[in-house]
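Overview (structure and organization)
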Amino acid sequence: MEEGEKRRERIPIPEKYIRGMHKSTIVPTVPVLLSLFIHTYFPYSYLCLHLYLSSCNRPKTSRLGTTLCHMQIIFTFWPLGTSAFKAPDEFKVSLPLRTNYLYGKIKKTLPELYAFTVCLWLKSGASPGIGTPFSYAVPGQTNEVVLIEWGNNPIELLINDKVAQLPLFISDGKWHHICITWTTRDGMWEAFQDGEKLGTGENLAPWHPIKPGGVLILGQEQDTVGGRFDATQAFVGEMSQFNIWDRVLKPDDIMKIANCSINMPGNIIPWVDNNVDVFGGATKWPVCSKA
């Protein structure tokens, strides 16, 4: 492979769907074939489709009930596979080891913010704790904005070194879409997982504006601005579509982003290839091959 040539990788199709293709009955092949179609032509819809198909496999659900659930989801996702929508940059950052030298860095910094929404796709099965998906540090405050799951503690959102515990559960080795909103007014926050609001609270650094001009790091918690990483707090896994807006997004917009029905890049930090650098052996992988 020549220097500078991008490596290409498809998101693997779950083995249980591949096994389903060998069954004689036609019903299980319906989600399988659509999964293959969307996986090929619209990879982020594939992530969403896999997420929702999995939700049909609930205990005490009849075969007919599961099939009807699959069909409802299929007719919801069918238009997405043939639409003109395309993610702006379909790549992911891979951080496979818990070290203090693998990380990504967002080239842009943040302006002063009185509200924000952060959304991203991530996948991690690390234990204990997935580590630090992202951290934002400014001079005088290295915990200006941090998302971290450390050890056996719940996932925490830190703003100006104040802490809120979030009811998110994402360390199962599967892709999840998460969004976090916050506003300086009363320090109100919301936490969304796969499009659903799972928690809300207030009094998290109320009336504190997010300071501008700091450093935004993917995969590590900063003890100095841009450095002094602790391997025990490193994120292990993959992430993609990391976007930041300077406002609180509506729940309906967050649901549409999570099910891949709209393209809404962050107006402050959009997920674009030339805005993300990787270091220490971390990699940027195209999500799928392109002709």
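The name an unreviewed UniProt entry gives the protein chain is Neuronal pentraxin 2, with Laticauda laticaudata as the organism.

1. What about the sheet that holds strand β2 (residues 103-106)?
Read from one edge to the other, the open sheet built from seven strands follows the order β7-β6-β5-β4-β11-β2-β15, with strand pairing classed as antiparallel. The open sheet is flanked by β7 (162-166) and β15 (276-279), the only strands paired with a single partner. Pairs of neighbouring strands in the sheet enclose a mean axial angle of 20 degrees, with direction left out of account. Where strand β4 (residues 131-138) meets strand β5 (residues 141-149), five bridges bridge the pair, whose relative direction is antiparallel. Bridge assignment links Val 138 to a residue of β5, and that residue is Gln 141.

2. Remarks on unusual backbone geometry
Of note in this structure, Asn 203 is not a glycine but carries a positive phi near 65 degrees. With respect to the helices and strands, Asn 203 occurs in the loop between β10 (196-201) and β11 (215-218). Backbone geometry places Arg 228, a non-glycine residue, at a positive phi of 50 degrees. Secondary-structure assignment places Arg 228 in strand β13 (residues 227-229). Residue Arg 228 is classed as exposed on the basis of its relative accessible area, which comes to 61%.

3. Regarding the pattern of salt bridges
Considering all chains together, one arrives at five salt bridges under this definition. A salt bridge links Lys 92 to Glu 238; its shortest N-O distance comes to 3.1 Å. With Lys 92 in strand β1 (residues 91-95) and Glu 238 in strand β14 (residues 237-245), this residue pair connects regions lying 146 residues apart in the sequence. Residue Glu 238 is classed as buried on the basis of its relative accessible area of 13%. Lys 197 is paired through a salt bridge with Glu 190; the nearest N and O atoms lie 2.9 Å apart. On the basis of relative accessibility, which here comes to 41%, the residue Lys 197 falls in the partly exposed class. Relative accessible area serves as the criterion here: at 15%, Glu 190 is assigned to the buried category.

4. Section: helix α5 (residues 251-258)
Those residues of α5 that sit buried are Ile 254, Ile 257 and Ala 258. Here the buried residues of α5 occupy an arc of 95 degrees about the axis, which is enough to place them on one side. The first or second residue beyond α5 is Cys 260, which carries a positive phi of 65 degrees.

Basis of the calculations
Residues numbered from 1 in each chain as written. Predicted model: local features only at pLDDT ≥ 70, side-chain atom pairs only at ≥ 80, totals over all residues. Heavy atoms only, no water. Pairing = 2+ DSSP bridges. Helix = DSSP H or I, 4+ residues; strand = E, 2+ residues; numbered from the N terminus. Axes fitted to C-alpha atoms, helices over the stretch in contact; angles between N-to-C directions. Buried < 20%, exposed > 50% of the residue type's maximum accessible area, 1.4 Å probe, protein only. Salt bridge = Lys/Arg side-chain N within 4 Å of Asp/Glu carboxyl O. Arc of directions from axis to C-beta.

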